[in-house]
Amino acid sequence: TTVAEVQGFLQADRVLIYRFWPDGTGSATYETVLEPYPKILNQTFDEEVFPQAYHQAYALGKVRSIANIDQSDIEPCLAEFVKQFAVQAKLVVPIIQSDPEPVLWGLLIAHQCRASREWQDWEIELMKQLATQVAIAIQQSELYHQLQQLNAQLEQRVQQRTTELATTNVVLQAEVIER
């Protein structure tokens, strides 16, 4: 919902949520993209795509706004990498969870593919606020999933204990009858 709403509101050509995995790789877990631009969804990218220096900067809340890939002072390898996805301009905002220390979960990214784009201050602020809301929603979802797992484990233990008690009850009843 977030990527679709942001894409429509900002009139961006592509919006995605990029998740970092524990092994250093990452992938676009959610995406909305206009035709004819290539999809990035579910592609896994090597650790080199977002080196550790970027992780650290984004973990500290860095926002990256690039109005024109060709005229910006970005690294040539980054420019070549994003051009394969037809990116002309991009806005990258970190998704940071507090658990209890700040942890970089991923990135909320908007791409402009048909032309360069000067990102406005209100657009950057909106993306930052949305990234905060996404981080909260993700954390709540993960807690809910953990709660479901714990409930399932508890139900399994209760069932196991009930079976053990029923077996013990049968044995005790047999002993009472015998006596």
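Draft legend 1. Up close: unusual backbone geometry. In this structure, Pro36 follows Glu35 across a cis peptide bond, with omega equal to 5°. Mapped onto the elements of the fold, Pro36 is located in the loop between strand E2 (26–33) and strand E3 (44–45). For Gln11, which is not glycine, the phi dihedral falls at a positive 55°. The phi dihedral of Ala86 falls on the positive side, at around 65°, and the residue is not glycine. Secondary-structure assignment places Ala86 in the loop between helix H3 (76–83) and strand E5 (89–98). Judged by relative accessible area, Ala86 falls into the partly exposed class, the value being 24%.

Draft legend 2. Quick peek at the pattern of salt bridges. With the rule as written, the count across this model stands at seven salt bridges. The salt bridge involving Lys83 is made with Asp70; its shortest N-O contact spans 2.6 Å. On the criterion of sequence distance, the pair formed by Lys83 in helix H3 and Asp70 in the loop between strand E4 (64–66) and H3 is long-range, its members being 13 residues apart. According to the relative accessible area criterion, Lys83 is partly exposed, its value standing at 36%. The salt bridge involving Lys128 is made with Glu125; its shortest N-O contact spans 3.8 Å. Placement of both Lys128 and Glu125 in helix H4 (residues 121–178) is noted, with a separation of three residues, approximately one turn of the helix. Looking at Lys128, the relative accessible area reads 35%, which means it is partly exposed. With relative accessibility at 37%, the residue Glu125 sits in the partly exposed group.

Draft legend 3. Structural view of the pairing of E5. Counting buried residues along E5, eight of its 10 residues qualify, which places the element largely inside the surrounding structure. Here E4 runs beside E5; their pairing, made up of three bridges, is antiparallel. Bridging across to E5, Ile66 finds its partner in Lys90. In terms of strand pairing, E5 meets strand E6 (residues 102–112) through 10 bridges, oriented antiparallel. Bridging from a neighbouring strand, Val93 pairs with Leu108 of E6. Taking the residues that link successive antiparallel strands as the turn, the E5-E6 hairpin has three residues.

Definitions and cut-offs
Residues numbered from 1 in each chain as written. Predicted model: local features only at pLDDT ≥ 70, side-chain atom pairs only at ≥ 80, totals over all residues. Heavy atoms only, no water. Helix = DSSP H or I, 4+ residues; strand = E, 2+ residues; numbered from the N terminus. Buried < 20%, exposed > 50% of the residue type's maximum accessible area, 1.4 Å probe, protein only. Salt bridge = Lys/Arg side-chain N within 4 Å of Asp/Glu carboxyl O. Pairing = 2+ DSSP bridges.

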